[in-house]
Amino acid sequence: MRTCRAATAGKLTVVLATLVLAVSGCGAGPSPRAWAASVCEALAPWRAEISKLTTHTQQQMTAQTTPAQAKENLVRLFAGAEQASETARQRVEDAGVPDVEQGEAVSQGFRTSLGAVRDAYGRARRTIEALTTGPASAFYDGVRAAVDTLNQEYDASALDTSKLRSTELQQAFDEVPECR
């Protein structure tokens, strides 16, 4: 069964990292290069954690465990993904607003997207917590439904970059070592 999907985490990171806005600056926030570096530094450990948690979740779903053990492990895994997403969101917030036109919009877009991912993991965790472990088939049907919902919410959380353009930020994301 496919769960949290490390591939989707990778897609989200690429979408976030390729965010481009209108060029011009107001001088108040970090430079585009500094901001891109901070954002990539925030997202790298998040991507790694989501990938690790996804692998563990997939292993958990195929392991020979009792529903009670699976429930405990899945709740812990989803809580970890929820916390990792909040940590990344907070680090992006701490990065400030890039010194480009519409810098607040891009910063807010990143934070909103990561917040939506965090919330999706939180809802999945709470759904799993609420499941009864017997009969086993009903429990696993509930897990599958929770994971399907998580995947839909995860996909819906992607940042819409269609109206945002900035040569400066695109170049910064392409060039800073933290984003490679």
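Please refer to the structure higher up on the page.
Residues numbered from 1 in each chain as written. Predicted model: local features only at pLDDT ≥ 70, side-chain atom pairs only at ≥ 80, totals over all residues. Heavy atoms only, no water.

Chemist: If you had to explain the overall build of the protein to someone new, which residues and values would you point to?
Modeler: Tallying secondary structure elements over the protein gives six helices and zero strands in all. Scanning the protein from its N terminus toward the C terminus, one meets helices and strands in the order α-α-α-α-α-α. Counting the 180 residues in the protein, one finds 45% classified as buried. Put simply, of all contacts in the protein between residues at least 6 apart along the chain, 87% involve residues at least 24 apart. (Helix = DSSP H or I, 4+ residues; strand = E, 2+ residues; numbered from the N terminus. Buried < 20%, exposed > 50% of the residue type's maximum accessible area, 1.4 Å probe, protein only. Contact = heavy atoms within 4.5 Å.)

Chemist: Requested: an account of the state of the cysteines, with residues and values cited.
Modeler: All chains considered together, the criterion is met by one disulfide. Across the disulfide from Cys40 sits Cys179; the S-S distance is 1.9 Å. Because the sign of the S-S torsion sets the handedness, a value of about 95° for the bond joining Cys40 and Cys179 places this disulfide among the right-handed ones. You can see Cys40 sitting in helix α2 (residues 32–62) and its partner Cys179 sitting in the segment after α6 (167–175), a full 139 residues away along the chain. (Disulfide = S-S within 2.5 Å.)

Chemist: So what's going on with the side chain of Ser85? Which residues, and what values?
Modeler: Its place among the elements puts Ser85 in helix α3 (residues 67–94). Its relative accessible area of 0% is what places Ser85 among the buried residues. Among the polar contacts listed, one links the side chain of Ser85 to the backbone oxygen of Ala81, at a separation of 2.9 Å. Look past the residues within four positions of Ser85 in its chain and what remains in contact with it is Trp46, Ile50, Leu114, Val117, Arg118 and Tyr121. (Polar contact = N/O pair within 3.5 Å; in protein donor to acceptor, adjacent residues only side chain to side chain.)

Chemist: I'd like to hear about the packing of α3 against helix α5 (residues 136–156), residue by residue, with values.
Modeler: Running from amino to carboxyl end, α3 crosses α5 at an angle of 15°, the nearest separation of the two axes being 10 Å. As far as their axial angle goes, α5 and α3 are roughly parallel. Where α3 crosses over α5, the handedness of that crossing is left-handed. For the pair α3 and α5, contact is made by Pro67, Ala70, Lys71, Leu74 and Phe78 and by Ala136, Phe139, Tyr140, Val143, Val147 and Leu150, respectively. Looking at the contact of α3 with α5, its residues break down into ten nonpolar, no polar and one charged. (Axes fitted to C-alpha atoms, helices over the stretch in contact; angles between N-to-C directions. Parallel < 35°, antiparallel > 145°, perpendicular 65-115°, else oblique. Left-handed = near helix turned anticlockwise from the far one by under 90°. Nonpolar A, V, L, I, M, F, W, Y, C, P; charged D, E, K, R; others polar.)

Chemist: Describe the pattern of salt bridges, listing the residues and the values that go with them.
Modeler: Between side chains of opposite charge, pairing is possible as soon as their charged atoms come close. The full count for this structure, using the stated rule, is twelve salt bridges. Arg123 serves as the salt-bridge partner of Glu153, at 3.2 Å between the closest nitrogen and oxygen. Note that Glu153 is positioned in helix α5 and Arg123 in helix α4 (residues 103–130), a separation of 30 residues in sequence. A salt bridge links Arg125 to Glu129; its shortest N-O distance comes to 3.1 Å. Of this pair, Arg125 and Glu129 both sit in helix α4, four residues apart, which is roughly one turn of the helix. The class for Arg125 is buried, based on a relative accessible area of 16%. (Salt bridge = Lys/Arg side-chain N within 4 Å of Asp/Glu carboxyl O.)

Chemist: I'd like to hear about unusual backbone geometry, residue by residue, with values.
Modeler: A cis amide bond, omega -10°, links Gly134 with the succeeding residue Pro135. For Pro135, the location among the structural elements is in the loop between α4 and α5.

Chemist: Just give me the short version of the side chain of Arg111, but keep the residues and values in it.
Modeler: Looking at the element boundaries, Arg111 is found in helix α4. Judged by relative accessible area, Arg111 falls into the buried class, the value being 13%. Within the local environment of Arg111, its side chain forms a polar contact with the side chain of Glu104, the two groups lying 3.4 Å apart. The contact partners of Arg111, leaving out residues within four places of it in the chain, are Arg89, Val92, Glu93 and Glu104.

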